[in-house]
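# Commentary on secondary and tertiary structure
Take a look at the letters that make up each chain.
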Amino acid sequence: DQQVKQNSPSLSVQEGRISILNCDYTNSMFDYFLWYKKYPAEGPTFLISISSIKDKNEDGRFTVFLNKSAKHLSLHIVPSQPGDSAVYFCAASAWGSGGGADGLTFGKGTHLIIQP
Amino acid sequence: DAGVTQSPTHLIKTRGQHVTLRCSPISGHKSVSWYQQVLGQGPQFIFQYYEKEERGRGNFPDRFSARQFPNYSSELNVNALLLGDSALYLCASSRGVAGTQYFGPGTRLTVL
């Protein structure tokens, strides 16, 4: 049973526009959420995170929104750039940002393609 | 500072063989975690080690084992390889058990 779901396998966005990647979770024990970006032949790169006590966290072009009642989070990238083309993974943890004894639980990823 | 390093980059084994994968964490990080990523899926947690002790284990068979050394580097061992063990094996390090995890480039294991 998937506890973290990314229902869009791929997303195509024009350069300069906003990219919105979505993630849903089912486990109420999750208290920390992270987004990782992955290029082919590389490991995932940490992007941004949010604690369950917040509903928004911003870092430059990246903003993560958390809706606890809906068990939903989203990553907004504004403006989208060609270098943003990658697979984006949503991850969740019940032990702070590192996953602790249970590790991080990942979604299947969304392949973001930025069109010129 | 150097990031997480893993060796080897690629590995080809046959069914029934044994494999050892290696990971060096970021300097100052005392926790190492291992993940398996099969094609089309997100990474799946295998183990977490902190201060040379196993702190967490995912839903993997006993054929998978790991250890952490005094310099905080780590090895992942897989015995009696199956075709289904073909995957990208990722190592991540963090300062502590609950710190943000930073991933290495992975080892691509192919089992024939």
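For the structure, see preceding data.
Please read all numbers here as calculations on a predicted model, not as lab measurements.

### Side note on the sheet that holds strand 3 (residues 19–25) of chain A
- Pairing within the open sheet is antiparallel, and its 5 strands lie in the order 1-3-8-7-6 (chain A). Sheet topology places strand 1 (4–5) and strand 6 (56–59) of chain A at the edges, where each strand pairs with a single neighbour.

### Structural notes on the state of the cysteines
- Taken as a whole, this structure holds 2 disulfides over all chains when the rule is applied.
- Across the disulfide from C23(A) sits C90(A); the S-S distance is 2.1 Å. As the torsion about the S-S bond is roughly -75 degrees, the C23(A)-C90(A) disulfide counts as left-handed. One end of the pair, C23(A), is in strand 3; the other, C90(A), is in strand 9 (residues 86–93), with 67 residues separating them in the sequence.
- For C23(A), a relative accessible area of 0% translates into the label buried.
- Put simply, C23(B) and C91(B) are joined by a disulfide, and their sulfur atoms are 1.8 Å apart. In this structure, the disulfide formed by C23(B) and C91(B) twists by about -60 degrees around the S-S bond and is classed as left-handed. In this pair, C23(B) sits in strand 3 (residues 19–24) while C91(B) sits in strand 9 (residues 87–94), placing the two residues 68 residues apart along the sequence.
- Relative accessible area serves as the criterion here: at 2%, C23(B) is assigned to the buried category.
- Of the residues examined, C91(B) reaches a relative accessible area of 0% and is grouped as buried.

### Points about the sheet that holds strand 3 of chain B
Residue and element names in this part refer to chain B.
- Strand order across the open sheet formed by 4 strands is 1-3-8-7, with antiparallel pairing between neighbours. Strand pairing shows two members of the sheet lacking a second neighbour, strand 1 (5–7) and strand 7 (64–68), which therefore form its edges. Each adjacent strand pair in this sheet contributes to an overall mean axis angle of 15 degrees, direction not counted.
- Of the strand pairs in this sheet, strand 7 and strand 8 (residues 74–78) are connected by 5 bridges, and their pairing is antiparallel. Bridging across to strand 8, S65 finds its partner in N77.

### Considerations on the packing of aromatic side chains
- Using the criterion set out here, one finds 14 aromatic pairs over all chains in the structure.
- Their ring planes at 65 degrees and their centres at 5.1 Å tell us that F60(B) and F64(B) sit as a pair that is edge-to-face. Per residue, the accessibility class of F60(B) equals that of F64(B), and both read buried.
- Site record: aromatic cluster; members linked through ring pairs are Y36(A), F46(A), F89(A), F106(A), Y35(B), F45(B), Y102(B) and F103(B).

### Comments concerning the pairing of strand 11 (residues 110–115) of chain A
Residue and element names in this part refer to chain A.
- Here strand 11 shows one buried face, formed by T110, L112 and I114, and one open face, formed by H111, I113 and Q115.
- Pairing analysis gives 5 bridges linking strand 2 (residues 10–14) to strand 11, with the strands arranged parallel. Paired with S10 across the bridge in strand 11 is H111.
- Pairing geometry for strand 9 and strand 11, over 3 bridges, is antiparallel. When the sheet's bridge partners are listed, V87 is paired in strand 11 with H111.

Definitions and cut-offs
Residues numbered from 1 in each chain as written. Chains lettered and ligands numbered in written order. Predicted model: local features only at pLDDT ≥ 70, side-chain atom pairs only at ≥ 80, totals over all residues. Heavy atoms only, no water. Pairing = 2+ DSSP bridges. Helix = DSSP H or I, 4+ residues; strand = E, 2+ residues; numbered from the N terminus. Disulfide = S-S within 2.5 Å. Buried < 20%, exposed > 50% of the residue type's maximum accessible area, 1.4 Å probe, protein only. Axes fitted to C-alpha atoms, helices over the stretch in contact; angles between N-to-C directions. Phe/Tyr/Trp six-rings, centres within 6.5 Å; stacked < 30°, edge-to-face > 60°.

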